[in-house]
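Structural features, examined
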Amino acid sequence: MSARREDHSVSFVPMQVDHVPAIGSMDRRNYEFAWTDGIFRDCVKAGYICPLLMIDKEIVGYGVLQIGADEAHLLNLCIDEPWQRQGLARTLLEHLVEESLRHGAHVLFLEVRPSNTRAVALYQQSGFNEIGLRRNYYDAKGGREDALVMARYLSPE
């Protein structure tokens, strides 16, 4: 039985260091080449914007956003597998766009694996455009994988 979003309360809470073991475990469940717990701890300690997407009181996803000057960089976005394909990634992404605007960013950048076609489609549908390619950016089976560099220019509405 898969989890369903209907009739549940969606909220965001800031990631704390004590959330890191659960977030690291989620990252490893969902990504073959996951971040270490240390990377998540460093992001929290550095003051990055790291919202947890909650359904009722359950953590079902997270994002990691770095803001510098008037630019934002989406470093990580994950929805746990039982909660995927329900629009939650879009909900989390739009929350991160709002956070970017709230912190004065005019553009939001990200990298994504070309092989992650669902993520590429989400970003394109959400107003991101491909602006470049980083060769051999990601670890991959049998070597390295390129990253698409995408950007969405932000304007307050």
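Anything mentioned here points back to the structure above.
This report concerns the structure included in the present document. (Residues numbered from 1 in each chain as written. Predicted model: local features only at pLDDT ≥ 70, side-chain atom pairs only at ≥ 80, totals over all residues. Heavy atoms only, no water.)

**Things to note about the nonpolar core**
Inside soluble globular proteins, nonpolar side chains tend to come together where they are buried. Grouped together as the largest cluster of nonpolar side chains are 27 residues, with contacts concentrated most on Leu74, Leu108, Val112 and Tyr123. Among the elements of the structure, β2 (51-55), β3 (58-68), β4 (71-79), α3 (88-102), β5 (107-112), α4 (117-125) and β7 (143-153) are those that each provide at least two residues to this core. Of all the elements, α3 adds the most residues to this core, at five residues. Once residues lying within four places of it in the same chain are set aside, the contact partners of Leu108 are Leu65, Ala72, His73, Leu74, Val97, Ser100, Phe128, Met150, Ala151, Arg152 and Leu154. Counting residues in hydrophobic clusters, the runner-up holds 13 residues, among them Met15, Cys50, Met54 and Cys78. (Core = buried A, V, L, I, M, F, W, Y, C linked by side-chain atoms within 4.5 Å. Buried < 20%, exposed > 50% of the residue type's maximum accessible area, 1.4 Å probe, protein only. Helix = DSSP H or I, 4+ residues; strand = E, 2+ residues; numbered from the N terminus. Contact = heavy atoms within 4.5 Å.)

**Quick notes on the packing of helix α1 (residues 20-30) against helix α2 (residues 37-45)**
Interaxial distance between α1 and α2 falls to 9 Å at its minimum, and their mutual angle equals 130 degrees. On the basis of the axis angle, α1 is oblique to α2. At the point where α1 passes α2, the crossing takes the right-handed sense. Residue-level contacts link Val20, Pro21, Ile23, Gly24, Asp27 and Arg28 of α1 to Asp37, Phe40 and Arg41 of α2. Tallied by class, residues from the contact of α1 with α2 come to four nonpolar, one polar and four charged. (Axes fitted to C-alpha atoms, helices over the stretch in contact; angles between N-to-C directions. Parallel < 35°, antiparallel > 145°, perpendicular 65-115°, else oblique. Left-handed = near helix turned anticlockwise from the far one by under 90°. Nonpolar A, V, L, I, M, F, W, Y, C, P; charged D, E, K, R; others polar.)

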